[in-house]
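These are the residues of each chain, in order.
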Amino acid sequence: MFPSVLPTYNRADVAFVRGEGPYLFAEDGRRYLDFGAGIAVNAFGHAHPKLVAALTEQAGKLWHTSNLYRVPGQESLSKRLAELTFADTAFFTNSGVEACECAFKMARRYQFVSGHPEKFRILCFEGAFHGRTLAAIAAGGNAKYLEGFGPRMEGFDTIAAGDLKAVEAAVTPQTAAIMVEPIQGEGGIRVMAPDFLRGLRAICDRRGLILIFDEVATGVGRTGKLFAYEWLGVAPDIMPIAKAIGGGYPIGACLATAEAAKGMTPGTHGSTYGGNPLGMAVANAVLDLVQAPEFLPHVQAIANYLGQQLGRLLADHPTVFEEARGQGLMLGLKLRVPNTEFVAAARKEGLLVVGAGDNVVRLLPPLIIEEAEVREAMAMLSAAAKSFEAKKKIEAA
Ligand SMILES: *Cc1c(COP(=O)(O)O)cnc(C)c1O
């Protein structure tokens, strides 16, 4: 019989019924340490009292009105984001891919209203991930995600990341924008060199292009700053965000400068649910938590501690782990054993981690973790590694 849930995921056979901070509890009562955080979403872990209160309080008042009317939560959230970032304005969405879609449209529209309707192409990088709509798979350029879905949508070019001369050469009179994740997540926690990202800014300035940083995964504290671009000293023109900004409630946003957004006049874009009162209440509460003065220093400190512990883990298990990489609490372990098998082995030990491209497992813990939980995770990663070492010994014998 065909599965009643469309089988587009290879799901692990475990279902969670409850969460508490960095822990999840399965149907059978087993406790798991969640170092996936719903793929970098649950920045404050599960069932954070402040977020539960924000959602339930709003739920008793008003859920949805549509964007035909003013939504006060959107006005406060967008003002706060504007104060905290390079941006002047925000369009609210229900997901990361919708925030990226808004970015694509905004960049093209900017060129259109600037007298350059011929500029519509967006230059992207190998290993990129921007979501799963037709436009986003065209932007991502991953052949596996494109196969069987008809011709790749026109207007997206893909080149290797890291080489500014190659970027310069790939910009044509039709190029509207360059889009990049400061750290590729799905692609395998590939950190873009700061000089490369700064160089993209310079190319965009020189050639009249829009620079888009996709911070859907890197944003909202994950790297130890509110947004990853803050480490660089340069800012994008447009920035899709999502994941952690909702703390588990599905929201996203496309942030932009007033200049980049100048083409987005009434009627040019829309969403029925985007920025509804429930999501805005939660996102405003998430921002309260992120803005607490001790919060980002905590992320940086715990990330340092985790990094040191990973160094030891790698030294102890050289036949399983090849390399640790990433920034803040967006970390990846490149493996010498199949990553899908390692994810399953870690889960057997009680630790949830997430696979990624380039045979990497991602460690994306809630940003609230403490040293004791880091040590607990290290013990489980070490036990998972030992299960492979034992297998290798048997094979060698
Ligand atoms: C997750 C992700 C997206 C897509 O977000 P969805 O909410 O799944 O649509 C886009 N870009 C990046 C960098 C992501 O990590």
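About the thresholds
- Residues numbered from 1 in each chain as written.
- Predicted model: local features only at pLDDT ≥ 70, side-chain atom pairs only at ≥ 80, totals over all residues.
- Heavy atoms only, no water.
- Buried < 20%, exposed > 50% of the residue type's maximum accessible area, 1.4 Å probe, protein only.
- Helix = DSSP H or I, 4+ residues; strand = E, 2+ residues; numbered from the N terminus.
- Pairing = 2+ DSSP bridges.
- Salt bridge = Lys/Arg side-chain N within 4 Å of Asp/Glu carboxyl O.
- Axes fitted to C-alpha atoms, helices over the stretch in contact; angles between N-to-C directions.
- Parallel < 35°, antiparallel > 145°, perpendicular 65-115°, else oblique.
- Left-handed = near helix turned anticlockwise from the far one by under 90°.
- Contact = heavy atoms within 4.5 Å.
- Nonpolar A, V, L, I, M, F, W, Y, C, P; charged D, E, K, R; others polar.
- Patch = residues over 30% accessible without salt bridge, like charges linked within 9 Å, V, L, I, M, F, W, Y side chains within 5 Å.
- Areas by Shrake-Rupley, 256 points an atom, 1.4 Å probe, with all protein chains shown as cover.
- Domains from an automatic or database assignment.
- Buried area = accessible area lost by both parts, 1.4 Å probe.

Asker: For this particular structure, what's the right way to read the pairing of strand β11 (residues 238-241)?
Answerer: Look at any regular strand and the pattern is simple: side chains alternate between the two faces of the sheet. The alternating pattern of β11 places I238 and P240 and M239 and I241 on opposite faces, both of which are buried. As paired elements, β11 and strand β12 (residues 252-256) share 4 bridges and run antiparallel to each other. Within β12, the position partnered with I241 by the bridge is A253.

Asker: Can you walk me through the pattern of salt bridges in this structure?
Answerer: By the definition in use, this model includes 20 salt bridges. We note a salt bridge from E376 to R31, for which the minimum N-O separation is 3.3 Å. Of this pair, E376 sits in helix α12 (residues 371-396) while R31 sits in strand β3 (residues 31-34); the two residues are 345 residues apart in sequence, bridging distant segments of the chain. Overall, the relative accessible area of 25% leaves E376 in the partly exposed class. The closest approach of N and O atoms between K334 and D358, which form a salt bridge, is 3.4 Å. Within this pair, whereas K334 is found in strand β14 (residues 330-335), its partner D358 is found in the loop between β16 (354-356) and β17 (360-363), the two being separated by 24 residues in sequence. Put simply, E323, R325, K334 and D358 are held in one network by salt bridges that share partners.

Asker: Can you help me understand the packing of helix α10 (residues 295-316) against α12 in this one?
Answerer: Packed helix pairs are characterised by how far apart their axes lie and by the angle those axes make with each other. Two elements in contact, α10 and α12, have axes separated by 10 Å at closest approach and are oriented at 20 degrees. In this view, α10 runs roughly parallel relative to α12, as classed from their interaxial angle. Like other packed secondary-structure pairs, α10 and α12 cross with a definite hand, here right-handed. Touching I302, Y305, L306, Q309, L310, L313 and D316 of α10 are E371, V374, R375, M378, L381, S382 and E389, all from α12. Of the residues belonging to the contact of α10 with α12, the class tally is 8 nonpolar, 2 polar and 4 charged.

Asker: How should I be thinking about a nonpolar patch on the surface in this particular structure?
Answerer: A grouping of L134, F149 and M153 is seen on the molecular surface, where their side chains present a nonpolar patch of about 310 Å² in accessible area. Its place among the elements puts M153 in the loop between α6 (143-146) and β6 (156-159).

Asker: Would you mind going over the packing of helix α3 (residues 72-84) against helix α9 (residues 277-291) with me for this structure?
Answerer: With their axes 9 Å apart at the nearest point, α3 and α9 run at an angle of 30 degrees to one another. By the criterion of interaxial angle, the relationship of α3 to α9 is roughly parallel. Taken as a pair, α3 and α9 cross one another with a handedness that is left-handed. Residues G73, Q74, S76, L77, R80, L81 and L84 of α3 lie in contact with α9, whose contacting residues are M280, A283, N284, L287, D288 and Q291. In the contact of α3 with α9, the residues fall into 6 nonpolar, 5 polar and 2 charged.

Asker: How should the sheet that holds β16 be read in this particular structure?
Answerer: Across a sheet, paired strands are connected by hydrogen bonds in the backbone, their directions being either parallel or antiparallel. Sheet architecture is open: 4 strands sit in the order β13-β14-β17-β16, paired in antiparallel fashion. Each having just a single partner strand, β13 (321-327) and β16 make up the two edges of the open sheet. Mean inter-strand twist for the sheet, computed between neighbouring axes without regard to direction, equals 30 degrees. Where β16 and β17 come together, 3 bridges link them in antiparallel fashion. When the sheet's bridge partners are listed, A356 is paired in β17 with V360. This element, α10, spans β13, β14 and β17 of the sheet and lies at about 170 degrees to β13.

Asker: Explain the domain arrangement of the protein chain to me, please; I cannot follow it from the model alone.
Answerer: Where interface size is quoted, it is often the accessible area lost as the parts come together. When its domains are assigned, the protein chain resolves into domain 1 (62-291) and domain 2 (293-367 + 376-397). Computed over C-alpha atoms only, the centres of domain 1 and domain 2 are separated by 29 Å. Taken residue by residue, the interface counts 22 residues in domain 1 and 21 residues in domain 2. A buried area of about 1700 Å², summed over both sides, lies between domain 1 and domain 2, and 61% of it is on carbon and sulfur atoms. Considering only the surface of domain 1 that becomes buried against domain 2, I189, R222 and G224 emerge as the three largest contributors, covering 40% of it. Applying the counting rule to domain 1 against domain 2 returns 1 salt bridge. The partner of R362 in a salt bridge is E186, and the shortest N-O contact between them spans 3.6 Å. When contributions to the side of domain 1 that touches domain 2 are tallied by element, the ones reaching two or more residues are β8 (183-184), β9 (190-191) and α9.

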